[in-house]
2 protein chains.
Amino acid sequence: MKELTKFSEILNKKLEQSSFPLEPKGLYQPLDYFMRLGGKRLRPMLTLMGAEAFGLNPEKVAGPAIGIELFHNFTLIHDDIMDAAPLRRGKETVHKKWNLNTAILSGDVLFVDSIKKISEVESKHLPEVLALFLKTAQEVCEGQQWDMDFEERESVSESEYIKMIQFKTSVLLGCALQIGAIVAGASKEDAQHIYDFGLTLGTSFQIKDDLLDAFGDPEKFGKQVGGDILANKKTMLLIKALELANEEQRASLEKWIAKNDAPTEKINAIKELFEETGAKSSTQNA
Amino acid sequence: MKELTKFSEILNKKLEQSSFPLEPKGLYQPLDYFMRLGGKRLRPMLTLMGAEAFGLNPEKVAGPAIGIELFHNFTLIHDDIMDAAPLRRGKETVHKKWNLNTAILSGDVLFVDSIKKISEVESKHLPEVLALFLKTAQEVCEGQQWDMDFEERESVSESEYIKMIQFKTSVLLGCALQIGAIVAGASKEDAQHIYDFGLTLGTSFQIKDDLLDAFGDPEKFGKQVGGDILANKKTMLLIKALELANEEQRASLEKWIAKNDAPTEKINAIKELFEETGAKSSTQNA
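Cut-off values and rules
Residues numbered from 1 in each chain as written. Chains lettered and ligands numbered in written order. Predicted model: local features only at pLDDT ≥ 70, side-chain atom pairs only at ≥ 80, totals over all residues. Heavy atoms only, no water. Helix = DSSP H or I, 4+ residues; strand = E, 2+ residues; numbered from the N terminus. Rg over C-alpha atoms; globule rule 2.2 N^0.38 Å. Contact = heavy atoms within 4.5 Å. Areas by Shrake-Rupley, 256 points an atom, 1.4 Å probe, with all protein chains shown as cover. Lys, Arg positive; Asp, Glu negative; His and termini not counted. Charge placed at Lys NZ, Arg CZ, Asp CG, Glu CD. Buried area = accessible area lost by both parts, 1.4 Å probe. Salt bridge = Lys/Arg side-chain N within 4 Å of Asp/Glu carboxyl O. Polar contact = N/O pair within 3.5 Å; in protein donor to acceptor, adjacent residues only side chain to side chain. Nonpolar A, V, L, I, M, F, W, Y, C, P; charged D, E, K, R; others polar. Least-squares fit on C-alpha atoms with pLDDT ≥ 70 in both. Patch = residues over 30% accessible without salt bridge, like charges linked within 9 Å, V, L, I, M, F, W, Y side chains within 5 Å. Buried < 20%, exposed > 50% of the residue type's maximum accessible area, 1.4 Å probe, protein only. Expected span 1.5 Å × (residues − 1). Axes fitted to C-alpha atoms, helices over the stretch in contact; angles between N-to-C directions. Parallel < 35°, antiparallel > 145°, perpendicular 65-115°, else oblique. Left-handed = near helix turned anticlockwise from the far one by under 90°. Disulfide = S-S within 2.5 Å. Phe/Tyr/Trp six-rings, centres within 6.5 Å; stacked < 30°, edge-to-face > 60°.

Colleague: Sorry, what's going on with the overall build of chain A here?
Modeller: If you tally the helices and strands in chain A, you get 15 helices and two strands. Rg of the C-alpha trace for chain A: 20 Å, near the compact-globule value of 19 Å for 286 residues, within the 12% margin. Overall size of chain A, expressed as C-alpha extent along the three principal axes, is 60 × 45 × 35 Å. In chain A, the share of contacts with a sequence separation of at least 24, taken over all contacts with a separation of at least 6, comes to 71%. As displayed, chain A offers around 13300 Å² of accessible surface, 50% of which is attributable to carbon and sulfur atoms. Counting 35 positive and 44 negative side-chain charges, chain A places the averaged centre of each group 5 Å from the other.

Colleague: Would you mind showing me how to read the interface of chain A and chain B here?
Modeller: By a widespread convention, an interface's size corresponds to the accessible area lost as its parts come together. Counting residues at the interface gives 36 residues for chain A, matched by 36 residues for chain B. Both sides of the chain A and chain B interface together cover about 3300 Å² of buried area, and 75% of this is carbon and sulfur. At the boundary of chain A with chain B, the tally comes to zero salt bridges. If you look at where chain A meets chain B, you find 10 residue pairs in polar contact (both at pLDDT 80 or more). When contributions to the side of chain A that touches chain B are tallied by element, the ones reaching two or more residues are α2 (25–36), α4 (62–82), α6 (100–118) and α7 (126–152) of chain A. Element by element, the count of residues in the side of chain A that touches chain B is highest for α7 of chain A, at 14 residues. Along the lines of polarity and charge, the residues of the side of chain A that touches chain B split into 22 nonpolar, eight polar and six charged.

Colleague: Mind showing me how you'd approach the relation of the copies chain A and chain B here?
Modeller: Here the two chain copies are tied together by a rotation about an axis and a shift along that axis. If you rotate chain A by 180° and push it 0.0 Å along the axis, it lands on chain B with an RMSD of 0.0 Å. In the structure described here, the two chain copies are related by an operation that fits a two-fold rotation axis. Looking at chain A, 100% of its interface residues are interface residues in chain B too, so the copies touch through the same face.

Colleague: Can you walk me through the environment of K280 of chain B in this structure?
Modeller: Residues and elements named next belong to chain B. Topologically, K280 is positioned in helix α15 (residues 279–284). When the C-alpha positions of K280 and A214 are compared, they lie 9.6 Å apart, and in sequence the two are 66 residues distant. Apart from residues lying up to four places away in sequence, K280 is in contact with L211, F215, L237, F274 and E275.

Colleague: Looking at this structure, how should I read a negative patch on the surface?
Modeller: Residues and elements named next belong to chain A. A cluster of like negative charges, contributed by E248, E272, E275 and E276, occupies part of the molecular surface. Here the negative patch gets three residues from one element, more than from any other, and that element is helix α14 (residues 263–276). For E248, the location among the structural elements is in helix α13 (residues 247–258). Judged by its relative accessible area of 67%, E248 is exposed.

Colleague: Sorry, what's going on with α2 of chain A here?
Modeller: In an α-helix, one full turn covers 3.6 residues, which means residues spaced three or four apart are oriented alike. Residues and elements named next belong to chain A. Helix length check: α2 (12 residues) gives 16 Å between terminal C-alpha atoms against 16 Å at 1.5 Å per residue, within 8%. Every buried residue of α2 is accounted for by L27, Y28, P30, L31, Y33, F34 and M35. Just downstream of α2 lies G38, where phi reads positive at about 85°.

Colleague: How should I be thinking about the packing of α7 of chain A against helix α8 (residues 158–183) of chain A in this particular structure?
Modeller: Packed helix pairs are specified by the crossing angle of their axes together with the interaxial distance, meaning the distance between the axes. Residue and element names in this part refer to chain A. Remark: α7 packs on α8, axes separated minimally by 8 Å, with the N-to-C direction vectors making an angle of 165°. Taken as axis vectors, α7 and α8 run roughly antiparallel relative to one another. Crossing angle aside, the handedness with which α7 passes α8 is left-handed.

Colleague: Any chance you could explain the pattern of salt bridges here in plain terms?
Modeller: Pairs may arise between side chains of opposite charge once their charged atoms sit close together. Residues and elements named next belong to chain B. A complete count under the given rule lists 29 salt bridges over all chains for this structure. Between E23 and K25 there is a salt bridge, with the nearest N and O atoms lying 3.0 Å from each other. Given the relative accessible area of 39%, E23 is considered partly exposed. Between R41 and E69 there is a salt bridge; the shortest N-O distance is 2.8 Å. Linking R41 in the loop between α2 (25–36) and α3 (42–53) with E69 in helix α4 (residues 62–82), this pair joins segments that are 28 residues apart in sequence. Given a relative accessible area of 14%, R41 falls into the buried group.

Colleague: Explanation requested: helix α12 (residues 236–244) of chain B in the structure shown.
Modeller: All of the buried residues in α12 of chain B are M236, L237, L238, I239, K240 and A241 of chain B. In this fold, the buried residues of α12 of chain B make contact with α8 (158–183), α9 (188–215), α13 (247–258), α14 (263–276) and α15 of chain B.

Colleague: How do you make sense of the side chain of S114 of chain B when you look at a structure like this?
Modeller: Residues and elements named next belong to chain B. Looking at the secondary structure, you find S114 in helix α6 (residues 100–118). A relative accessible area of 0% places S114 in the buried class. The contact partners of S114, leaving out residues within four places of it in the chain, are G67, L70, F71 and F133.

Colleague: What am I meant to see in the environment of H95 of chain A here?
Modeller: All names here are of chain A. Residue position: H95 is located in helix α5 (residues 94–97). When the C-alpha atoms of H95 and I81 are compared, they prove to be 6.4 Å apart, with 14 residues separating the residues in sequence. Each residue touching H95, except ones within four places of it in the same chain, is listed here: D80, I81, A84, A85, L100 and A103. A polar contact of 3.1 Å, which involves the side chain of H95, links it to the backbone oxygen of D80. Here T93 takes part through its side chain, which lies 3.2 Å from a polar atom of the side chain of H95.

Colleague: I would appreciate a short explanation of the state of the cysteines in the present structure.
Modeller: What we call a disulfide is simply a covalent bond connecting the sulfur atoms of a pair of cysteines. Residues and elements named next belong to chain A. Considering all chains together, one arrives at zero disulfides over all chains under this definition. Counting only cysteine sulfurs, C175 is the nearest neighbor of C141, a cysteine outside any disulfide, at a range of 13 Å. Among the residues examined, C141 registers a relative accessible area of 6% and is labelled buried.

Colleague: Sorry if this is basic, but what is going on with the packing of α4 of chain A against α6 of chain A here?
Modeller: All names here are of chain A. The N-to-C vectors of α4 and α6 enclose an angle of 160°; their axes lie 8 Å apart at closest approach. When the axes of α4 and α6 are compared, the pair comes out roughly antiparallel. Once α4 is placed against α6, the crossing between them reads as left-handed. The residues of α6 that touch α4, namely those facing G63, P64, G67, I68, L70, F71, N73, F74, I77, H78 and I81, are L100, A103, I104, G107, D108, L110, F111, D113, S114, K117 and I118. Here the contact of α4 with α6 is composed, by residue class, of 13 nonpolar, six polar and three charged.

Colleague: Where do I start with the packing of aromatic side chains in this structure?
Modeller: The way to describe two aromatic rings as a pair is by their centre distance and the angle between their planes. Residue and element names in this part refer to chain B. As enumerated under the stated definition, the model contains 15 aromatic pairs over all chains in all. For the pair Y33 and W98, a centre-to-centre distance of 5.3 Å together with 70° between the ring planes defines the contact as edge-to-face. One end of the pair, Y33, is in helix α2; the other, W98, is in the loop between α5 (94–97) and α6, and 65 residues separate them in sequence. For W98, a relative accessible area of 28% corresponds to the partly exposed category.

Structure follows, in structure tokens:
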């Protein structure tokens, strides 16, 4: 934990130093607000860890670490518009507190700022770091598109789902770690290994999140338990349940998916089906 | 003109080579559509010119030239949302033909792609080219914010207006030229000169556009003449008219600005006031 405290201090110091311009207020005040909503700062921590793992003082990658966090926050601001989400970390989202145009344009300029910070590396590392980051940013956009596409589709396969969450979530974790490793001078092979580790970490994390959404302790989870079930979200649990169900279980699942007027009953019935079909244990072992 | 034809061929060839991925369709088809709407391709031409002016084969900067054009198109897709514009170059805008989410996300991934192309330069030029481009991209966002802010304000000064159009329009022309010059190995001083030339070009172009919007030949202008007048847009003409008007002219201007039920009369009356106050000739000489 001592290590994490040190990382936290490095990030907070750098964040304080990199305040947004004062004008135009309409562009930068929403960003100041959004960044103060906090968050775990997991992604920039990974960049510091990636550097330290290969013997570099993590302070040397504070710039790109913050760049990764700014990029993540840019995607959240735009995703919140696309998901019509009113709240983020218990507070109003930017498009709710201000308006659509502000959320689009402030998001755009945050993206610009994120790349500025990402490029705060020695010139010799810039081409590799930038190419990795841009490939990742493109995949994150593609992941968000797949996610929206899947909402409209009748069925999604397990491998399609895995690819979607990898693009939407995991690749940025891999990228965060690998940027630290590149700047620390890791070999190509080691840099690839640490990227792959980030990819696995992100995917496990997302599947765990799917499980918690249905079976988590409401006191600890912090979000509404059963939210995915009510939204008929094609999570790993639902995909596996539809795959493993016998005829009767499938009919019951389909009946509950179509039913939207009894939320508590729907959550309980579908959770039971997740257990009966073996989807829960299969997801836990995924 | 032979020079322009050569530049055009270089750009078209590079554009053909840099087609978007096929999947996810929902993300990339709108970009394919939007890029095919055409346009003058003025900005990428400037990058080729900037390179040739300092003795470099312009084909060597085809990548960053296309990057500048992609960036410009990204800003158009997002601006069209913010301005609630139904048409662009006579065809449906992305948010109209598809929807809001598509216009946001396809715009975002186009921005990523633009930076990929911008960074297609020799490693030794990358830090300078990238820093210039990111500074410019930030200014373009700030210019769009000022433009939206000015719509809500009662008065805008001439110098505020000039700064807004410089950020929104001119800096990208300067950047386009300077990137060509940097890659061609121009001296810092020369690179700055060509940037300043682009800045002046862009500003003159925008003020000329303000004049054409009121006094242009409807057959040649291609847009509705008087559109800015009907929208009460604080263009150079209106700013100067309000500044130069005597008491009577000002009262008349304010009366017509508030009046929205007689479009043809409004356009004619305000054009007359632009002439009488001397705003037209002062703008022509700006």
